[in-house]
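Here's the letter readout for the chains.
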Amino acid sequence: MGLIDYEKQYDVIVVGAGHAGCEAALAAARMGCESLLLTINLDAIALMSCNPAIGGLAKGHLVREIDALGGEMGKNIDATGIQFRILNTRKGPAVRASRAQADKQLYRLRMKHVMEQQDRLSLKQAEVTGLVVEEDRVRGVVTKVGVRFLAETVILTTGTFMRGLIHVGLTHYPGGRAGDLPSVGLSDQLQEIGFTVGRLKTGTPARLDGRTIDFSRLEPQYGDDPPVPFSFSTEAIDRPQIPCYIAYTNERSHEIIRSGLDRSPLYSGVIEGIGPRYCPSIEDKVMRFPDKDRHQTFLEPEGRDTVEYYPSGLSTSLPVDIQYRFYRSIQGLENVEIMRPAYAIEYDYVDPIQLHASLETKLIRNLYHAGQINGTSGYEEAAGQGLMAGINAALRVGGREPLVLGRSDAYLGVMIDDLVTLGTREPYRMFTSRAEYRLLLREDNADLRLREQGHGVGLVREEEYGRFVEKRQRIGAELERLRGTKLLPSEADPDFLSAFGMTGLQNALTFEQLLRRPDITYEELRRIDSLAADVPPAVQEQVEIQIKYQGYIERQLDQVERSRKLEGTRIPADLEYAAIPGLSAEVREKLEKFRPDTLGQASRIQGVTPAAVGILSLAIKARG
């Protein structure tokens, strides 16, 4: 078949329009690149294939980081959210996280609108079946109908579409998700090029008809009042909020599940792909935790103008007759109707160990991978990688160095480093426990950590950056003021002193010393400090956290400083590990396989000992 060359050439082509593709295409276009987004179905841009929610533990951190760098996800959920909650409020600021329910259709439509209005971004409906590669460099893509689009750089964000296979019981059929066609041909070519292509699985629950649910027998769960926005640019959220509902499985539910396992694709060996350990199907939970007599589910509304509900945590690939019996065994759902059955989906992914930290592939220059193609699960993980790939493709087009965030800079840095240094054999999900510097990487300070970089690459607009700079200055000025203002025993209000057990105070205390006490916040400080009331809430929050956790924060900053040297030492691409004396055969084999870019990456490969890192360091020094 003769190929038709499209008349226009692009700087950046993005394949796929899920959460990764949207961020990648917007970032590239906003940074001045002529960009093209190709997707199988233009109506499914930013479609939430699974849960109708954004954020959650550690995922909320990613969303705020995406926002701080100038991405769109935070703004999009703020504009279309129907319930906002902050999780872990009783715990320290490092592990607090935001989560919001989205109006699923509104979320998709707003993102599509933003992309349609974006200068230098073209959207086209097409299935990409291959890459144009010349001399280990990508030149463009080929579509199913024989059109060749040429570009400087290409970003693959294929989601669950590469050779996607949907399973309901022992029935299976090709699909990228329910109702969409799969993408065929691309992963075969990637394999021929030399990429390690593997198989993963994920699943989604049934969608239930809200008209057939007895909500009076369920426990409602309301959002926060007032709702706290995700984006640093959102002033306030004024949309009315909708509750979720809590329900539980029971022993009978578990019996029904066990009775259907002989027809489960998961337990009869039909599914080869490895499923997500941290988001298991309900049959997995029942089999893995036989002592648990119930599992919790949140019934989440899919939107304000639909009756569809999403029962979180109840994903399954059991046959439809078992699904009906199982969902109806739950109190309040005795008469429930299923609008869309639950299913599992298997798809191809490419081992992310074959990527640089910029998300460019090591085998093909100017080709970037982002999202589920790298073995991750979750909208937020995908969006974060999409943003970084879009930024780095645009920087490549402009002849600039890539932006690589370290493990001490952002959760985005932790996630990408985990993927490219360790690879993954199962769907990767972000957790706060994965970040060794999590006290520094809080949701509340994402702008202080990353706004500067977002502005530096041209993604954070001047007015947003101006507001940020003013906030940062006010934090500095307020810290100075508190250090310099004193509570004198002779002038102190006796009621205040007795309230906080300081009667008989001999020496003056600075306001900073007062705020360091766990029982004193700005609220209490106002009683003796007339200026405290004028400090904006966002500044108060930062000042208070920085003062109360100062010792811990400084300790982590010391650790970061100590490891910085390792992180920054680059390993020459042509370094011959076989020629370095003193490395064990195992270490050599690992280094050959992983080809780390820096000593820091090498130090995190399992089996590479500190002694081996020392030998490597000397070998690099010897080369000068």
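Residues numbered from 1 in each chain as written. Predicted model: local features only at pLDDT ≥ 70, side-chain atom pairs only at ≥ 80, totals over all residues. Heavy atoms only, no water.

Quick word on helix α20 (residues 610-623)
Part 1 of the reasoning: Between the first and last C-alpha of α20 there are 20 Å, a value that for 14 residues agrees with the 20 Å anticipated at 1.5 Å per step.
Part 2 of the reasoning: Regarding α20, the residues found buried are Ala612, Val613, Leu616, Ala619 and Ile620. For α20, the buried positions fall inside an angular range of 120° around the axis, keeping them on one side. For α20, exposure combined with an orientation more than 90 degrees from the buried face picks out Pro610, Ala611, Leu618, Lys621 and Ala622.
Part 3 of the reasoning: Packing partners of the buried residues in α20 comprise α17 (550-568), α18 (585-594) and α19 (599-603).
Part 4 of the reasoning: Where α20 terminates, the next one or two residues include Gly624, which has phi positive at roughly 80°. (Helix = DSSP H or I, 4+ residues; strand = E, 2+ residues; numbered from the N terminus. Expected span 1.5 Å × (residues − 1). Buried < 20%, exposed > 50% of the residue type's maximum accessible area, 1.4 Å probe, protein only. Arc of directions from axis to C-beta. Contact = heavy atoms within 4.5 Å.)

Section: the packing of aromatic side chains
Part 1 of the reasoning: On inspection of all chains with the given rule, the structure shows six aromatic pairs.
Part 2 of the reasoning: Aromatic side chains Phe215 and Tyr309 sit 5.1 Å apart centroid to centroid with 50° between the ring planes, which places their arrangement in the tilted category. With Phe215 in the loop between β14 (207-209) and β15 (219-221) and Tyr309 in strand β18 (residues 308-311), this residue pair connects regions lying 94 residues apart in the sequence.
Part 3 of the reasoning: Taking the centre distance of 6.0 Å and the plane angle of 40° together, the rings of Tyr465 and Phe468 count as tilted. In this pair, Tyr465 and Phe468 are both assigned in helix α12 (residues 462-484), three residues apart and thus about one turn of the helix distant. When sorted by exposure, Tyr465 lands in the same class as Phe468, which is buried.
Part 4 of the reasoning: Following the ring pairs from residue to residue traces out a cluster consisting of Phe215, Tyr245 and Tyr309.
Part 5 of the reasoning: Geometry around Phe232 places Arg64 over its ring, the cationic atom sitting 4.2 Å from the centre.
Part 6 of the reasoning: The lysine or arginine in question, Arg294, covers the ring of Tyr248, its NZ or CZ lying 3.6 Å from the ring centre. (Phe/Tyr/Trp six-rings, centres within 6.5 Å; stacked < 30°, edge-to-face > 60°. Lys NZ or Arg CZ within 6 Å of the ring centre and 35° of its normal.)

So, the sheet that holds strand β11 (residues 165-168)
Part 1 of the reasoning: Spatially, the four strands line up as an open sheet ordered β12-β11-β20-β13, and their pairing is antiparallel. At either end of the open sheet lies a strand with only one pairing partner, and these are β12 (171-174) and β13 (197-204). With strand direction ignored, the average angle separating the axes of adjacent strands in the sheet is 25°.
Part 2 of the reasoning: Bridge count for β13 against strand β20 (residues 343-350) is eight bridges, and the pairing is antiparallel. Paired with Val197 across the bridge in β20 is Val350. (Pairing = 2+ DSSP bridges. Axes fitted to C-alpha atoms, helices over the stretch in contact; angles between N-to-C directions.)

Details of the environment of Ile553
Part 1 of the reasoning: Here Ile553 is to be found in helix α17.
Part 2 of the reasoning: The sequence separation of Ile553 and Arg438 amounts to 115 residues, and the corresponding C-alpha distance is 9.8 Å.
Part 3 of the reasoning: Dropping the residues within four chain positions of it, Ile553 is found in contact with Leu439, Leu440, Arg442, Ile545 and Gln546.

A look at the pattern of salt bridges
Part 1 of the reasoning: This structure, assessed with the given rule, holds 48 salt bridges.
Part 2 of the reasoning: Salt bridges linked by common partners bring Arg407, Asp417, Asp418, Glu436, Glu567 and Arg604 together as one network. (Salt bridge = Lys/Arg side-chain N within 4 Å of Asp/Glu carboxyl O.)

Comments concerning the sheet that holds strand β19 (residues 338-340)
Part 1 of the reasoning: If you walk across this open sheet you meet the six strands as β15-β16-β17-β18-β14-β19, and the pairing is antiparallel. Whereas interior strands pair on both sides, the edge strands pair on one side only; in this sheet they are β15 and β19. Each adjacent strand pair in this sheet contributes to an overall mean axis angle of 35°, direction not counted.
Part 2 of the reasoning: The sheet contact formed by strand β16 (residues 244-248) and strand β17 (residues 296-301) spans four bridges and is antiparallel. If you follow Ala247 over to β17, its bridge partner there is Thr297.

Here's the deal with the domain arrangement of the protein chain
Part 1 of the reasoning: Under the domain assignment used here, the protein chain contains domain 1 (4-202 + 347-457), domain 2 (207-344), domain 3 (478-553) and domain 4 (569-623).
Part 2 of the reasoning: If you average the C-alpha positions of domain 3 and of domain 4, the two centres end up 51 Å apart. (Domains from an automatic or database assignment.)

Let's talk about unusual backbone geometry
Part 1 of the reasoning: Each neighbour pair has its own omega, and for Asp225 with Pro226 the value is 0°, a cis peptide bond.
Part 2 of the reasoning: Note on placement: Pro226 falls in the loop between β15 and β16.
Part 3 of the reasoning: The residue Arg120 is not glycine, and still its phi comes out positive at about 65°.
Part 4 of the reasoning: For Arg120, the position within the fold is in the loop between α4 (104-117) and β7 (121-125).
Part 5 of the reasoning: You can call Arg120 partly exposed: its relative accessible area is 40%.

Some details on the packing of helix α2 (residues 59-69) against helix α11 (residues 446-456)
Part 1 of the reasoning: Remark: α2 packs on α11, axes separated minimally by 7 Å, with the N-to-C direction vectors making an angle of 35°. By crossing handedness, the relation of α2 to α11 is classed as right-handed. Residues Arg64, Glu65, Asp67, Ala68 and Leu69 of α2 pack against Ala446, Asp447, Arg449, Leu450, Arg451, Gln453 and Gly454 of α11.
Part 2 of the reasoning: When grouped by side-chain class, the residues that make up the contact of α2 with α11 number four nonpolar, two polar and six charged. (Left-handed = near helix turned anticlockwise from the far one by under 90°. Nonpolar A, V, L, I, M, F, W, Y, C, P; charged D, E, K, R; others polar.)

Notes on the nonpolar core
Part 1 of the reasoning: Membership of the largest hydrophobic core comes to 72 residues, with the highest contact counts inside it found for Tyr107, Met115, Ile155, Met388 and Ile391.
Part 2 of the reasoning: In terms of residue count, helix α9 (residues 379-397) provides more of this core than any other element does, ten residues in total.
Part 3 of the reasoning: Per-domain counts for this core show at least three residues from each of domain 1 (4-202 + 347-457) and domain 2 (207-344).
Part 4 of the reasoning: Excluding anything up to four places from it in sequence, Ile391 contacts Ala27, Met31, Leu403, Val457 and Leu459.
Part 5 of the reasoning: Judged by nonpolar contacts, the second largest core, of 24 residues, contains Ile13, Val128, Val154 and Phe195. (Core = buried A, V, L, I, M, F, W, Y, C linked by side-chain atoms within 4.5 Å.)

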